[in-house]
Amino acid sequence: EADTVVLDKTGTLTDGRMPLVETVAAEGMDADDALDLAAVLEADVIHPIATALVAARGCPVQKAEAFEAEAGQGVSGVVDGRAVIVGKPTWVWAQTDGVTEALPAAVERFARSGYAPVAIALGGQPTAVCAIGDRLREDAPAVLRALEAAGLTIHLCSGDHPAAVAAVAETLGIPAERAQGGIAPEE
């Protein structure tokens, strides 16, 4: 009797193997340093974005201290005596001393391209943003067409940036009003 199907994006409509595509550092900041510390922080996290960051930098031998995770937002901790925060840009930046114009512009560019934007802050300073890619599963379009042919209405909900979700929805032919991003797990 169901008439509606609500799907997540990452690992459901996409393959969930997310490579690091691009990194933009704030002026005067070192993107490689930010990625190295983020990989240490994310090393024990089981999440596709964490896996992408660790894979991009190799398996770290260090461990983070004071590790904390905020469901649907990101992680924080201390690596080599430096405070490190990695996660959704708005969440990361809310815990910092302010953000330069280059980073929000990169987030919007990444999201419009369908990438998941991830922010990194070091020592309370917004340091870099990363574009994490995620390819559509080859069978996703056919599965969606089959569900629609069976009379089901398809909705897409994701914790990813709304613009990234909109890009995937458009590619799959899901109307914009039935695609929502920025949804926390408890929502």
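Worth saying up front: this structure is predicted, and the values here are computed from it rather than measured.

Asks: Explain the overall build of the protein chain to me, please; I cannot follow it from the model alone.
Replies: Helices and strands together make up the secondary structure of the protein chain, namely six helices and nine strands. Whereas a compact globule of 187 residues would reach a radius of gyration of roughly 16 Å, the protein chain reaches 17 Å, a difference of no more than 12%. Across its three principal directions, the C-alpha atoms of the protein chain cover 55 × 35 × 25 Å. Accessible area of the protein chain: about 9,500 Å², with a carbon and sulfur share of 51%. A gap of 6 Å separates the mean positions of the 12 positive and 28 negative side-chain charges of the protein chain.

Asks: Would you mind going over the pairing of strand E4 (residues 74–79) with me for this structure?
Replies: Along any regular strand the residues' side chains alternate between the sheet's two faces. Within E4, five of the six residues are buried, which leaves it mostly tucked inside the rest of the structure. Of the strand pairs in this sheet, strand E3 (residues 65–70) and E4 are connected by four bridges, and their pairing is antiparallel. Its bridge partner being in E4, Glu-70 is matched across the sheet by Gly-74. Hairpin connection, E3 to E4: the antiparallel pair is bridged by three residues, and Gly-72 has positive phi, about 75°. The pairing of E4 with strand E5 (residues 82–87) spans six bridges and is antiparallel. Considered in E5, the bridge of Gly-74 is made with Gly-87.

Here is what the cut-offs are and how they apply
Counting of residues starts from 1 at the beginning of each chain's written sequence and follows it residue by residue. Local features in this predicted model are restricted to residues of pLDDT 70 or higher, and side-chain atom pairs are both shown and tallied only at a pLDDT of 80 or more, whereas totals for entire chains, interfaces and linings draw on every residue. Heavy atoms from the whole structure form the basis of all side-chain values; hydrogens and water molecules are not counted. In this description a helix means any DSSP run of H or I spanning at least four residues, a strand means any run of E spanning at least two, and both kinds are numbered starting from the N terminus. Here the globule rule is a power law, 2.2 Å times the number of residues to the power 0.38, and the radius of gyration is based on C-alpha atoms. Only the protein chains shown count as covering a residue, and every accessible area follows the Shrake-Rupley method with a 1.4 Å probe. Positive charges come from Lys and Arg, negative ones from Asp and Glu, while His and the chain ends are left out of the count. Where a charge sits is defined by one atom per residue type, namely NZ (Lys), CZ (Arg), CG (Asp) or CD (Glu). Note on classification: 1.4 Å probe, protein chains only; a residue is buried when its accessible area is under 20% of the maximum for its type, exposed when over 50%, partly exposed between these limits. The pairing criterion for strands is at least two bridges between them, as found by DSSP.

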